[in-house]
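Residue-level structural notes
Residue-level listing of the chains:
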Amino acid sequence: MSNRQGPQSSLDRFCAGKLADMEARFLRRTLQETERQPIGKASRNGSPYISFSCNDYLGLSHHPKVIEAAVDAAKKYGVGSGASRLVTGNHPLFRDLEQKLAAIKGTEDCLVFGSGYLANTGLIPALAGSRDLVLVDELAHACINTGAQLTRGTVVRFRNNDVTDLEAHLCRQREKAEKCLIVTDGVFSMDGTLAPLPELRAVADRHDAWLITDDAHGIGTIGGGRGSAFAFDPPSKADIQMGTLSKAVGGYGGYVCATRTVCEFLRNRARSFVFSTGLSPMAVAAASAALDIIMTDRDLVERPLNLARMFCRLTGLPEPCSPIVPVIIGENEAALQASERLAAAGYLVTAIRPPTVPVGTARLRVAFSASHLERDVEMLARLVHRELKGSCA
Ligand SMILES: *Cc1c(COP(=O)(O)O)cnc(C)c1O
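Heads up: these notes are all about the structure in this document. (Residues numbered from 1 in each chain as written. Predicted model: local features only at pLDDT ≥ 70, side-chain atom pairs only at ≥ 80, totals over all residues. Heavy atoms only, no water.)

Remarks on the overall build of the chain
Scanning the chain for helices and strands turns up 14 helices and 14 strands. Taken over C-alpha atoms, the radius of gyration comes to 22 Å for the chain, in line with the 21 Å a tight globule of 393 residues would show. With 393 residues in all, the chain has 52% of them scored as buried. At a minimum sequence separation of 6, the contacts of the chain that also span at least 24 residues come to 71%. Of the accessible surface of the chain, which amounts to about 18,800 Å², a share of 53% is contributed by carbon and sulfur atoms. (Helix = DSSP H or I, 4+ residues; strand = E, 2+ residues; numbered from the N terminus. Rg over C-alpha atoms; globule rule 2.2 N^0.38 Å. Buried < 20%, exposed > 50% of the residue type's maximum accessible area, 1.4 Å probe, protein only. Contact = heavy atoms within 4.5 Å. Areas by Shrake-Rupley, 256 points an atom, 1.4 Å probe, with all protein chains shown as cover.)

Below is the structure:
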(Lines give C-alpha, C1' and ligand atoms only; values in the text may rest on other atoms or scores of the structure.)
Protein backbone atom coordinates (compact mmCIF):
# COMPACT_ATOMS: atom_id res chain seq x y z
CA MET A 1 0.00 0.00 0.00
CA SER A 2 1.29 3.46 -0.83
CA ASN A 3 2.22 5.72 2.04
CA ARG A 4 0.15 8.53 0.59
CA GLN A 5 -3.28 7.33 1.67
CA GLY A 6 -4.99 5.60 4.56
CA PRO A 7 -4.65 5.82 8.31
CA GLN A 8 -0.86 5.52 8.31
CA SER A 9 -0.16 8.44 5.99
CA SER A 10 2.04 11.27 7.23
CA LEU A 11 -0.96 13.57 6.85
CA ASP A 12 -3.04 11.46 9.21
CA ARG A 13 -0.12 11.08 11.61
CA PHE A 14 0.27 14.86 11.70
CA CYS A 15 -3.43 15.42 12.43
CA ALA A 16 -3.65 12.62 14.99
CA GLY A 17 -0.62 13.99 16.83
CA LYS A 18 -2.10 17.47 16.99
CA LEU A 19 -5.46 16.14 18.19
CA ALA A 20 -3.83 14.05 20.93
CA ASP A 21 -1.92 17.12 22.08
CA MET A 22 -5.12 19.19 22.27
CA GLU A 23 -6.89 16.39 24.11
CA ALA A 24 -4.15 16.29 26.75
CA ARG A 25 -4.52 20.03 27.38
CA PHE A 26 -8.34 19.96 27.47
CA LEU A 27 -8.33 22.08 24.32
CA ARG A 28 -9.89 19.65 21.88
CA ARG A 29 -13.24 20.83 20.56
CA THR A 30 -16.02 18.63 19.29
CA LEU A 31 -19.23 19.34 17.45
CA GLN A 32 -22.32 18.59 19.50
CA GLU A 33 -25.43 17.99 17.49
CA THR A 34 -27.88 20.54 18.80
CA GLU A 35 -31.30 21.38 17.46
CA ARG A 36 -32.07 25.00 18.23
CA GLN A 37 -35.70 25.77 18.91
CA PRO A 38 -37.72 28.95 19.41
CA ILE A 39 -37.69 30.87 22.71
CA GLY A 40 -34.12 30.05 23.70
CA LYS A 41 -34.57 26.31 23.82
CA ALA A 42 -32.39 23.60 22.34
CA SER A 43 -32.39 19.86 22.18
CA ARG A 44 -29.30 17.64 22.43
CA ASN A 45 -29.41 13.83 22.25
CA GLY A 46 -33.16 14.05 22.82
CA SER A 47 -32.85 16.10 26.03
CA PRO A 48 -34.28 19.62 26.30
CA TYR A 49 -32.12 22.55 27.38
CA ILE A 50 -32.34 26.29 27.77
CA SER A 51 -29.46 27.72 25.78
CA PHE A 52 -27.38 30.58 27.15
CA SER A 53 -24.79 29.99 24.45
CA CYS A 54 -26.40 31.67 21.45
CA ASN A 55 -25.77 35.08 20.01
CA ASP A 56 -29.37 35.25 18.83
CA TYR A 57 -29.90 37.99 21.42
CA LEU A 58 -33.40 38.91 20.31
CA GLY A 59 -34.65 35.49 19.27
CA LEU A 60 -35.10 36.86 15.74
CA SER A 61 -33.78 33.67 14.12
CA HIS A 62 -37.22 32.22 14.88
CA HIS A 63 -39.40 35.32 14.55
CA PRO A 64 -42.44 34.56 12.34
CA LYS A 65 -42.01 37.74 10.27
CA VAL A 66 -38.32 37.04 9.67
CA ILE A 67 -39.03 33.44 8.66
CA GLU A 68 -41.82 34.58 6.37
CA ALA A 69 -39.52 37.09 4.66
CA ALA A 70 -36.93 34.35 4.07
CA VAL A 71 -39.50 31.89 2.75
CA ASP A 72 -41.05 34.48 0.42
CA ALA A 73 -37.63 35.42 -0.96
CA ALA A 74 -36.73 31.78 -1.56
CA LYS A 75 -39.98 31.14 -3.39
CA LYS A 76 -39.63 34.23 -5.52
CA TYR A 77 -35.88 34.34 -6.15
CA GLY A 78 -34.51 30.89 -5.30
CA VAL A 79 -32.17 29.85 -2.53
CA GLY A 80 -28.87 31.03 -4.01
CA SER A 81 -27.69 34.26 -5.58
CA GLY A 82 -25.87 32.54 -8.43
CA ALA A 83 -22.60 34.49 -8.55
CA SER A 84 -20.52 37.25 -7.04
CA ARG A 85 -22.58 40.39 -6.64
CA LEU A 86 -20.39 42.10 -9.25
CA VAL A 87 -21.26 39.45 -11.81
CA THR A 88 -24.97 38.57 -11.62
CA GLY A 89 -25.56 38.15 -7.90
CA ASN A 90 -26.63 41.67 -6.96
CA HIS A 91 -30.28 41.21 -6.20
CA PRO A 92 -32.37 44.40 -5.63
CA LEU A 93 -33.00 43.14 -2.08
CA PHE A 94 -29.38 44.09 -1.26
CA ARG A 95 -30.02 47.79 -1.82
CA ASP A 96 -32.91 47.79 0.63
CA LEU A 97 -30.83 46.03 3.29
CA GLU A 98 -27.80 48.26 2.79
CA GLN A 99 -29.90 51.41 3.03
CA LYS A 100 -31.39 50.20 6.31
CA LEU A 101 -27.98 49.41 7.77
CA ALA A 102 -26.54 52.78 6.70
CA ALA A 103 -29.50 54.56 8.32
CA ILE A 104 -29.07 52.60 11.57
CA LYS A 105 -25.34 53.33 11.73
CA GLY A 106 -25.68 56.93 10.56
CA THR A 107 -23.42 56.53 7.53
CA GLU A 108 -23.74 57.45 3.85
CA ASP A 109 -23.43 53.93 2.59
CA CYS A 110 -23.10 50.26 3.43
CA LEU A 111 -21.78 47.12 1.81
CA VAL A 112 -23.09 43.67 2.68
CA PHE A 113 -20.62 40.75 2.68
CA GLY A 114 -21.11 36.98 2.93
CA SER A 115 -20.31 36.98 6.66
CA GLY A 116 -18.64 39.05 9.35
CA TYR A 117 -15.51 36.96 8.97
CA LEU A 118 -15.42 37.67 5.25
CA ALA A 119 -16.04 41.38 5.86
CA ASN A 120 -12.99 41.75 8.15
CA THR A 121 -10.69 39.62 6.05
CA GLY A 122 -11.65 41.65 2.96
CA LEU A 123 -11.90 45.11 4.45
CA ILE A 124 -8.63 45.31 6.38
CA PRO A 125 -6.19 44.19 3.65
CA ALA A 126 -8.03 46.38 1.12
CA LEU A 127 -7.17 49.44 3.21
CA ALA A 128 -3.67 48.60 4.42
CA GLY A 129 -0.59 47.02 2.86
CA SER A 130 3.02 46.14 3.58
CA ARG A 131 4.12 49.70 4.36
CA ASP A 132 1.32 50.31 6.83
CA LEU A 133 0.70 49.91 10.55
CA VAL A 134 -2.28 47.99 11.91
CA LEU A 135 -3.01 48.29 15.62
CA VAL A 136 -5.40 45.68 16.97
CA ASP A 137 -6.85 45.37 20.47
CA GLU A 138 -5.46 42.19 22.03
CA LEU A 139 -8.97 40.86 22.70
CA ALA A 140 -10.32 41.62 19.23
CA HIS A 141 -12.01 38.82 17.32
CA ALA A 142 -9.91 36.23 15.49
CA CYS A 143 -11.02 37.40 12.04
CA ILE A 144 -9.67 40.90 12.71
CA ASN A 145 -6.28 39.36 13.37
CA THR A 146 -6.57 37.28 10.22
CA GLY A 147 -7.44 40.41 8.24
CA ALA A 148 -4.52 42.28 9.82
CA GLN A 149 -2.06 39.49 8.92
CA LEU A 150 -3.28 39.57 5.33
CA THR A 151 -2.06 43.18 4.99
CA ARG A 152 1.57 42.00 5.38
CA GLY A 153 2.13 45.28 7.19
CA THR A 154 3.32 45.84 10.74
CA VAL A 155 0.69 44.38 13.06
CA VAL A 156 0.77 45.36 16.74
CA ARG A 157 -1.62 44.16 19.41
CA PHE A 158 -2.25 46.78 22.09
CA ARG A 159 -3.45 46.02 25.62
CA ASN A 160 -7.20 45.63 25.90
CA ASN A 161 -8.95 49.01 26.02
CA ASP A 162 -5.66 50.65 27.06
CA VAL A 163 -5.53 53.96 25.23
CA THR A 164 -2.18 54.86 26.84
CA ASP A 165 -0.58 51.66 25.53
CA LEU A 166 -2.10 52.30 22.10
CA GLU A 167 -0.72 55.82 22.01
CA ALA A 168 2.74 54.63 23.10
CA HIS A 169 2.79 52.25 20.09
CA LEU A 170 1.67 55.08 17.83
CA CYS A 171 4.42 57.39 19.11
CA ARG A 172 7.01 54.68 18.41
CA GLN A 173 5.77 53.35 15.09
CA ARG A 174 3.39 55.76 13.36
CA GLU A 175 6.10 57.85 11.65
CA LYS A 176 7.63 54.83 9.91
CA ALA A 177 4.31 53.80 8.37
CA GLU A 178 2.37 55.35 5.53
CA LYS A 179 -1.17 54.60 6.64
CA CYS A 180 -2.41 53.41 9.99
CA LEU A 181 -5.50 51.46 11.05
CA ILE A 182 -6.77 50.98 14.59
CA VAL A 183 -9.17 48.05 14.85
CA THR A 184 -11.21 46.97 17.84
CA ASP A 185 -14.38 45.16 18.78
CA GLY A 186 -17.11 47.62 19.83
CA VAL A 187 -18.43 45.02 22.29
CA PHE A 188 -15.82 42.40 23.21
CA SER A 189 -17.31 39.06 22.30
CA MET A 190 -15.94 37.02 25.21
CA ASP A 191 -16.00 39.74 27.89
CA GLY A 192 -19.07 41.80 27.09
CA THR A 193 -17.20 45.03 27.77
CA LEU A 194 -17.29 48.09 25.48
CA ALA A 195 -14.34 49.73 23.74
CA PRO A 196 -13.72 53.33 24.91
CA LEU A 197 -14.74 54.75 21.55
CA PRO A 198 -14.48 58.51 22.30
CA GLU A 199 -10.92 58.07 23.60
CA LEU A 200 -9.96 55.82 20.69
CA ARG A 201 -11.43 58.39 18.30
CA ALA A 202 -9.29 61.15 19.84
CA VAL A 203 -6.08 59.07 19.66
CA ALA A 204 -6.82 58.06 16.06
CA ASP A 205 -7.30 61.71 15.10
CA ARG A 206 -4.10 62.83 16.86
CA HIS A 207 -2.05 60.29 14.89
CA ASP A 208 -3.82 60.39 11.55
CA ALA A 209 -5.08 56.83 11.92
CA TRP A 210 -8.32 55.30 10.65
CA LEU A 211 -10.56 53.74 13.27
CA ILE A 212 -12.52 50.56 12.53
CA THR A 213 -15.01 49.05 14.98
CA ASP A 214 -16.35 45.51 14.76
CA ASP A 215 -19.83 45.77 16.24
CA ALA A 216 -20.85 42.14 15.84
CA HIS A 217 -22.36 42.06 19.35
CA GLY A 218 -23.57 45.66 19.48
CA ILE A 219 -26.25 45.93 16.82
CA GLY A 220 -29.65 45.04 18.27
CA THR A 221 -28.39 44.98 21.86
CA ILE A 222 -27.02 48.37 22.93
CA GLY A 223 -27.27 52.03 21.91
CA GLY A 224 -31.01 51.67 21.32
CA GLY A 225 -30.28 48.79 18.95
CA ARG A 226 -27.94 50.90 16.81
CA GLY A 227 -24.78 49.48 18.34
CA SER A 228 -21.75 50.54 20.36
CA ALA A 229 -21.27 53.96 18.70
CA PHE A 230 -24.67 54.97 20.05
CA ALA A 231 -24.00 53.74 23.57
CA PHE A 232 -22.06 57.01 24.02
CA ASP A 233 -23.47 60.50 24.38
CA PRO A 234 -22.79 62.07 21.98
CA PRO A 235 -22.47 59.02 19.71
CA SER A 236 -18.89 58.13 18.84
CA LYS A 237 -18.64 56.81 15.32
CA ALA A 238 -15.58 55.09 13.94
CA ASP A 239 -14.54 55.79 10.34
CA ILE A 240 -15.77 52.32 9.52
CA GLN A 241 -18.39 50.37 11.46
CA MET A 242 -18.51 46.74 10.47
CA GLY A 243 -20.67 44.00 11.90
CA THR A 244 -22.57 40.83 11.33
CA LEU A 245 -26.14 39.84 10.53
CA SER A 246 -25.68 36.51 12.29
CA LYS A 247 -26.06 37.53 15.93
CA ALA A 248 -28.88 39.79 17.16
CA VAL A 249 -30.08 40.17 13.56
CA GLY A 250 -30.73 36.44 13.68
CA GLY A 251 -29.64 35.26 10.22
CA TYR A 252 -26.38 35.28 8.31
CA GLY A 253 -24.12 37.79 6.58
CA GLY A 254 -21.76 40.67 7.33
CA TYR A 255 -21.67 44.38 6.56
CA VAL A 256 -19.44 47.44 6.45
CA CYS A 257 -20.89 50.93 6.99
CA ALA A 258 -18.84 53.96 5.92
CA THR A 259 -18.85 56.86 3.47
CA ARG A 260 -20.00 56.36 -0.10
CA THR A 261 -16.41 56.63 -1.34
CA VAL A 262 -15.05 54.04 1.08
CA CYS A 263 -17.84 51.60 0.22
CA GLU A 264 -17.33 52.12 -3.50
CA PHE A 265 -13.61 51.42 -3.08
CA LEU A 266 -14.37 48.24 -1.12
CA ARG A 267 -16.79 47.09 -3.84
CA ASN A 268 -13.76 47.12 -6.11
CA ARG A 269 -10.99 45.97 -3.82
CA ALA A 270 -12.22 43.82 -0.95
CA ARG A 271 -11.32 40.38 -2.28
CA SER A 272 -13.86 38.56 -0.13
CA PHE A 273 -16.53 40.75 -1.72
CA VAL A 274 -15.32 40.60 -5.31
CA PHE A 275 -14.50 36.89 -5.45
CA SER A 276 -17.17 35.35 -3.23
CA THR A 277 -20.78 34.58 -4.09
CA GLY A 278 -23.43 37.05 -2.94
CA LEU A 279 -25.48 36.22 0.09
CA SER A 280 -28.58 34.13 -0.48
CA PRO A 281 -31.75 36.19 -1.16
CA MET A 282 -33.28 34.43 1.86
CA ALA A 283 -30.59 35.76 4.17
CA VAL A 284 -30.87 39.27 2.71
CA ALA A 285 -34.66 39.40 3.07
CA ALA A 286 -34.52 37.90 6.58
CA ALA A 287 -31.98 40.49 7.76
CA SER A 288 -34.06 43.28 6.32
CA ALA A 289 -37.18 42.11 8.17
CA ALA A 290 -35.18 41.62 11.38
CA LEU A 291 -33.78 45.17 11.22
CA ASP A 292 -37.32 46.55 10.91
CA ILE A 293 -38.15 44.82 14.19
CA ILE A 294 -34.94 46.05 15.86
CA MET A 295 -35.68 49.64 14.92
CA THR A 296 -39.29 49.59 16.13
CA ASP A 297 -39.47 47.26 19.16
CA ARG A 298 -37.64 49.14 21.90
CA ASP A 299 -38.73 46.75 24.67
CA LEU A 300 -37.40 43.74 22.81
CA VAL A 301 -34.02 45.42 22.22
CA GLU A 302 -33.65 46.38 25.88
CA ARG A 303 -34.58 43.00 27.31
CA PRO A 304 -31.30 41.02 26.89
CA LEU A 305 -29.23 43.66 28.73
CA ASN A 306 -31.88 43.93 31.45
CA LEU A 307 -31.75 40.16 31.99
CA ALA A 308 -27.95 40.30 32.12
CA ARG A 309 -28.20 43.02 34.78
CA MET A 310 -30.58 40.90 36.82
CA PHE A 311 -28.22 37.90 36.55
CA CYS A 312 -25.22 39.95 37.68
CA ARG A 313 -27.12 41.36 40.66
CA LEU A 314 -28.10 37.83 41.71
CA THR A 315 -24.58 36.41 41.33
CA GLY A 316 -22.65 39.40 42.65
CA LEU A 317 -20.85 39.93 39.34
CA PRO A 318 -20.03 43.47 38.13
CA GLU A 319 -22.73 45.45 36.31
CA PRO A 320 -22.69 44.34 32.64
CA CYS A 321 -22.48 46.70 29.62
CA SER A 322 -23.96 44.21 27.16
CA PRO A 323 -25.90 40.91 27.17
CA ILE A 324 -22.60 38.98 27.39
CA VAL A 325 -21.48 38.03 30.90
CA PRO A 326 -18.19 36.16 31.39
CA VAL A 327 -17.91 33.90 34.42
CA ILE A 328 -14.16 33.41 34.64
CA ILE A 329 -13.17 29.97 35.92
CA GLY A 330 -9.46 29.87 35.04
CA GLU A 331 -8.34 26.37 34.12
CA ASN A 332 -9.65 24.68 30.99
CA GLU A 333 -10.66 21.46 32.71
CA ALA A 334 -12.50 23.30 35.51
CA ALA A 335 -14.41 25.38 32.96
CA LEU A 336 -15.43 22.24 31.06
CA GLN A 337 -16.60 20.59 34.27
CA ALA A 338 -18.62 23.64 35.32
CA SER A 339 -20.25 23.70 31.90
CA GLU A 340 -21.10 19.99 32.23
CA ARG A 341 -22.71 20.54 35.64
CA LEU A 342 -24.89 23.33 34.23
CA ALA A 343 -25.85 21.09 31.30
CA ALA A 344 -26.87 18.35 33.72
CA ALA A 345 -29.26 20.90 35.25
CA GLY A 346 -30.69 21.74 31.81
CA TYR A 347 -28.70 24.89 30.93
CA LEU A 348 -26.35 25.10 27.99
CA VAL A 349 -23.51 27.48 28.80
CA THR A 350 -20.47 26.65 26.70
CA ALA A 351 -17.01 26.70 28.22
CA ILE A 352 -14.75 29.05 26.27
CA ARG A 353 -11.08 28.12 26.25
CA PRO A 354 -7.85 29.34 24.65
CA PRO A 355 -7.09 30.36 21.97
CA THR A 356 -10.50 32.07 21.95
CA VAL A 357 -9.59 33.67 25.31
CA PRO A 358 -6.17 34.20 26.99
CA VAL A 359 -4.53 31.23 28.73
CA GLY A 360 -5.68 30.90 32.34
CA THR A 361 -8.98 32.70 31.75
CA ALA A 362 -11.17 29.81 30.58
CA ARG A 363 -14.73 30.79 31.31
CA LEU A 364 -18.41 30.24 31.03
CA ARG A 365 -19.76 32.77 28.59
CA VAL A 366 -23.37 33.51 29.41
CA ALA A 367 -25.28 35.20 26.60
CA PHE A 368 -28.73 36.56 27.41
CA SER A 369 -31.56 36.65 24.95
CA ALA A 370 -34.90 38.43 24.93
CA SER A 371 -36.39 34.92 24.67
CA HIS A 372 -35.22 33.87 28.14
CA LEU A 373 -37.69 33.81 31.00
CA GLU A 374 -36.91 35.53 34.30
CA ARG A 375 -37.26 32.28 36.19
CA ASP A 376 -34.59 30.57 34.04
CA VAL A 377 -32.25 33.49 34.60
CA GLU A 378 -32.84 33.19 38.36
CA MET A 379 -32.24 29.45 38.31
CA LEU A 380 -29.04 29.83 36.28
CA ALA A 381 -27.85 32.56 38.66
CA ARG A 382 -28.30 30.20 41.59
CA LEU A 383 -26.27 27.48 39.84
CA VAL A 384 -23.52 29.85 38.72
CA HIS A 385 -23.32 31.36 42.20
CA ARG A 386 -22.64 27.86 43.50
CA GLU A 387 -19.90 27.34 40.86
CA LEU A 388 -18.20 30.57 41.86
CA LYS A 389 -18.30 29.74 45.56
CA GLY A 390 -16.98 26.26 44.81
CA SER A 391 -14.03 27.59 42.82
CA CYS A 392 -12.94 29.82 45.74
CA ALA A 393 -13.10 27.07 48.37
C1 LIG B 1 -18.99 36.51 15.34
C2 LIG B 1 -18.02 37.59 15.13
C3 LIG B 1 -17.50 37.85 13.87
C4 LIG B 1 -17.78 36.96 12.69
O5 LIG B 1 -19.04 37.18 12.18
P6 LIG B 1 -19.74 36.00 11.32
O7 LIG B 1 -20.84 36.70 10.62
O8 LIG B 1 -20.17 35.00 12.31
O9 LIG B 1 -18.69 35.49 10.39
C10 LIG B 1 -16.67 38.93 13.71
N11 LIG B 1 -16.35 39.72 14.76
C12 LIG B 1 -16.83 39.49 15.99
C13 LIG B 1 -16.43 40.40 17.10
C14 LIG B 1 -17.66 38.41 16.23
O15 LIG B 1 -18.09 38.17 17.45
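Description of the sheet that holds strand β6 (residues 154-158)
Strand pairing in a sheet relies on backbone hydrogen bonds. The paired strands run either parallel or antiparallel. The 7 strands lie next to each other as β4-β10-β9-β8-β7-β5-β6, forming an open sheet whose pairing is mixed. One side of each edge strand has no neighbouring strand; the edge strands of this open sheet are β4 (109-113) and β6. Here the strands of the sheet are splayed against their neighbours by 20 degrees on average, with no regard to which way each runs. Bridge analysis of strand β8 (residues 210-214) against strand β9 (residues 240-244) gives 3 bridges, and the strand direction is parallel. Looking at β9, one finds that Asp214 is bridged to Met242. In the packing of helix α8 (residues 197-206) onto the sheet, the strands contacted are β7 (180-185) and β8, and the crossing angle to β8 comes to about 155 degrees. Contacting β4, β9 and β10 (254-258), helix α9 (residues 260-269) runs over the sheet at an angle of about 25 degrees to β4. (Pairing = 2+ DSSP bridges. Axes fitted to C-alpha atoms, helices over the stretch in contact; angles between N-to-C directions.)

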